[in-house]
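This is what each chain is made of:
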Amino acid sequence: KRVLVCLVGNSRNEAAVIRGRTIVDPGWDKSRTVLAEPLEATLTFPRATGSFKVHRLSTRTGVRQGEIPVSEDGSFTIPKSAHTIYFELERVSE
């Protein structure tokens, strides 16, 4: 009934030290914050899979924060401005 989708580009610990293309110190013991590059993506699921809703989820709690519109052809766009990397696809009973 539900699927978790994670959309993330480059990511690193906030305290990581990077020189050039080399991680000198991953910062695992210094930071609990992870920085993630926002991405934009359009996903399409065939109508044969049925109707569904897409929810933005809080990165800290997993609580639903809003809904992303799904078009008639089963496609939806996750914008860079979503402020999360977690999304829930929920099948809707017809």
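Residues numbered from 1 in each chain as written. Predicted model: local features only at pLDDT ≥ 70, side-chain atom pairs only at ≥ 80, totals over all residues. Heavy atoms only, no water.

A few words now on the overall build of the protein. Along the protein, the regular secondary structure elements total 0 helices and 10 strands. The order of helices and strands in the protein, counted from the N terminus, is β-β-β-β-β-β-β-β-β-β. In summary, the protein has a C-alpha radius of gyration of 17 Å against a globular reference of 12 Å for 94 residues, an excess of more than 25%. Dimensions of the protein, computed from C-alpha atoms along their principal axes, come out at roughly 55 × 25 × 20 Å. Of all 94 residues assigned to the protein, the portion counted as buried reaches 26%. Within the protein, contacts between residues at least 6 apart in sequence are counted, and of these 66% link residues at least 24 apart. For the protein, the separation between the mean place of its 14 positive charges and that of its 11 negative charges on side chains is 5 Å. (Helix = DSSP H or I, 4+ residues; strand = E, 2+ residues; numbered from the N terminus. Rg over C-alpha atoms; globule rule 2.2 N^0.38 Å. Buried < 20%, exposed > 50% of the residue type's maximum accessible area, 1.4 Å probe, protein only. Contact = heavy atoms within 4.5 Å. Lys, Arg positive; Asp, Glu negative; His and termini not counted. Charge placed at Lys NZ, Arg CZ, Asp CG, Glu CD.)

By size, the foremost hydrophobic cluster in this structure holds 11 residues: Val 5, Leu 7, Ala 41, Phe 52, Val 54, Ile 68, Phe 76, Ile 78, Ala 82, Phe 87 and Leu 89. Of all the secondary-structure elements, those providing two or more residues to this core are β7 (52–57), β9 (75–78) and β10 (86–91). (Core = buried A, V, L, I, M, F, W, Y, C linked by side-chain atoms within 4.5 Å.)

Looking now at the environment of Thr 22. Within the secondary structure layout, Thr 22 lies in strand β4 (residues 22–25). Between the C-alpha atom of Thr 22 and that of Tyr 86, which follows or precedes it by 64 residues, the distance is 28 Å.

Glancing now at the pairing of strand β8 (residues 64–68). Bridge count for β7 against β8 is 4 bridges, and the pairing is antiparallel. Bridging across to β8, Arg 56 finds its partner in Gly 66. Linking β7 to β8, which pair antiparallel, is a turn of 6 residues; within it Gly 62 sits at a positive phi near 80°. (Pairing = 2+ DSSP bridges.)

Scanning the model with the defined rule gives 3 aromatic pairs in all. Ring geometry for Phe 45 versus Phe 76: centroids 6.3 Å apart, planes at 5°, classification stacked. With Phe 45 in the loop between β6 (41–44) and β7 and Phe 76 in strand β9, this residue pair connects regions lying 31 residues apart in the sequence. Judged by relative accessible area, Phe 45 falls into the partly exposed class, the value being 31%. Using a relative accessible area of 3% as the deciding quantity, one classes Phe 76 as buried. (Phe/Tyr/Trp six-rings, centres within 6.5 Å; stacked < 30°, edge-to-face > 60°.)

Looking now at the sheet that holds strand β1 (residues 2–6). Taken together, the 4 strands give an open sheet; going across it, the order is β1-β10-β7-β8, and neighbouring strands pair in antiparallel fashion. One side of each edge strand has no neighbouring strand; the edge strands of this open sheet are β1 and β8. Across the sheet, the mean angle separating the axes of adjacent strands is 30° when strand polarity is ignored. (Axes fitted to C-alpha atoms, helices over the stretch in contact; angles between N-to-C directions.)

Before going further, it helps to examine the pattern of salt bridges. A complete count under the given rule lists 3 salt bridges for this structure. Where Arg 2 meets Glu 88, a salt bridge forms, and the shortest distance between an N and an O atom there is 3.8 Å. On the criterion of sequence distance, the pair formed by Arg 2 in strand β1 and Glu 88 in strand β10 is long-range, its members being 86 residues apart. Residue Arg 2 is classed as exposed on the basis of its relative accessible area, which comes to 61%. Ionic pairing is found between Glu 90 and Arg 64, a salt bridge with its closest N-O pair at 3.6 Å. Of the two residues, Glu 90 sits in strand β10 while Arg 64 sits in strand β8, which places them 26 residues apart along the sequence. We classify Arg 64 as partly exposed; its relative accessible area is 41%. Look at the salt bridges and you will find they share partners, linking Arg 2, Arg 64, Glu 88 and Glu 90 into a network. (Salt bridge = Lys/Arg side-chain N within 4 Å of Asp/Glu carboxyl O.)

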